[in-house]
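Summary of the model geometry
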Amino acid sequence: MTVNRMVSIMAGFMVLLSLVLAQITGQIDLFHPTWLWLTAFVGLNLFQMGFTGFCPAAKVFKAMGLKEAANACGTSSSGKGCC
């Protein structure tokens, strides 16, 4: 388990937890179609990505030609990357 995956799991869990708590306290109604389902979708995607490593958005961005973080940093005159 890497730090990045654990961050995704925690973020997804917190998004989903906030929706569940809002539903329980009556602040929102998830049984009627609303834009909150988009929030639930993002939370579920973050949560599953932490376990599986599969992220649909990352696949789309890679197909668009964007580089991954490890490859995005070039070397400077000091020989160090951007980090």
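Structure: above.
The numbers attached to residues start from 1 for each chain and follow its sequence in the written order. Selection of residues for local features in this predicted model requires a pLDDT of at least 70, selection of side-chain atom pairs for listing and counting requires 80 or more, and totals for whole chains, interfaces and linings are taken over all residues. Calculated side-chain values reflect all of the structure's heavy atoms, with hydrogen atoms and water omitted.

1. Looking at the packing of aromatic side chains
Side-chain rings of Phe, Tyr and Trp (the six-membered ring for Trp) are treated as a pair once their centres are within 6.5 Å; stacked means planes under 30 degrees apart, edge-to-face means over 60, and tilted covers the remaining angles. One pass over the structure, following the stated rule, counts one aromatic pair. Each ring, one from F47 and one from F51, has its centre 5.2 Å from the other, and the planes form 70°; the classification is edge-to-face. With F47 and F51 both in helix α2 (residues 36–52), this residue pair falls four residues apart, about one helical turn. Here a strand is any run of E in DSSP of at least two residues, a helix any run of H or I of at least four, and the numbering for each starts at the N terminus.

2. Side note on the environment of A11
Its location among the elements puts A11 in helix α1 (residues 3–24). Sequence separation of A11 and G43 is 32 residues, and the distance between their C-alpha atoms is 7.3 Å.

3. Structural notes on the pattern of salt bridges
By convention in these notes, a salt bridge is any Lys or Arg side-chain nitrogen within 4 Å of a carboxyl oxygen on Asp or Glu. In the structure shown here, the tally under the stated rule is one salt bridge. Salt-bridge contacts for K62 lead to E68; the nearest nitrogen and oxygen are separated by 3.2 Å. Only protein chains enter the calculation, and the probe is 1.4 Å; a residue is then buried if its accessible area is under 20% of its type maximum, exposed if over 50%, and partly exposed in between. Assessed through its relative accessible area of 43%, K62 is described here as partly exposed.

4. Regarding the packing of α1 against α2
Packed helices, taken two at a time, are described by their axes: the angle between them and the distance between them. Only the stretch in contact is used when fitting a helix axis, every axis being a line fitted to C-alpha atoms; angles between N-to-C directions are given from 0 to 180 degrees. It is the contact of α1 with α2, at a shortest axis distance of 7 Å, that shows an interaxial angle of 150°. It follows from the interaxial angle that α1 and α2 lie roughly antiparallel. For the element pair α1 and α2, the recorded crossing hand is left-handed. Two secondary-structure elements touch here, α1 through R5, S8, I9, A11, G12, F13, V15, L16 and L19 and α2 through L36, T39, A40, G43, L44, L46, F47, M49, G50, F51 and T52. Gly counts as polar in this scheme, as do all residues outside two lists: the nonpolar Ala, Val, Leu, Ile, Met, Phe, Trp, Tyr, Cys and Pro, and the charged Asp, Glu, Lys and Arg. Across the contact of α1 with α2, the residue classes break down as 13 nonpolar, six polar and one charged. Note on angle classes: values under 35 degrees are labelled roughly parallel, values over 145 roughly antiparallel, values of 65 to 115 roughly perpendicular, and the remainder oblique. The sense of a crossing depends on the near helix, which, turned anticlockwise from the far helix by less than a right angle, makes the crossing left-handed and, turned clockwise, makes it right-handed. Whether two residues are in contact is decided by their heavy atoms, any of which lying within 4.5 Å being enough.

5. Side note on the environment of M6
Inspection of the secondary structure puts M6 in helix α1. On the accessibility criterion, M6 (41% relative accessible area) is partly exposed. Residues M6 and M49 lie 43 residues apart in sequence; the distance between their C-alpha atoms is 9.6 Å.

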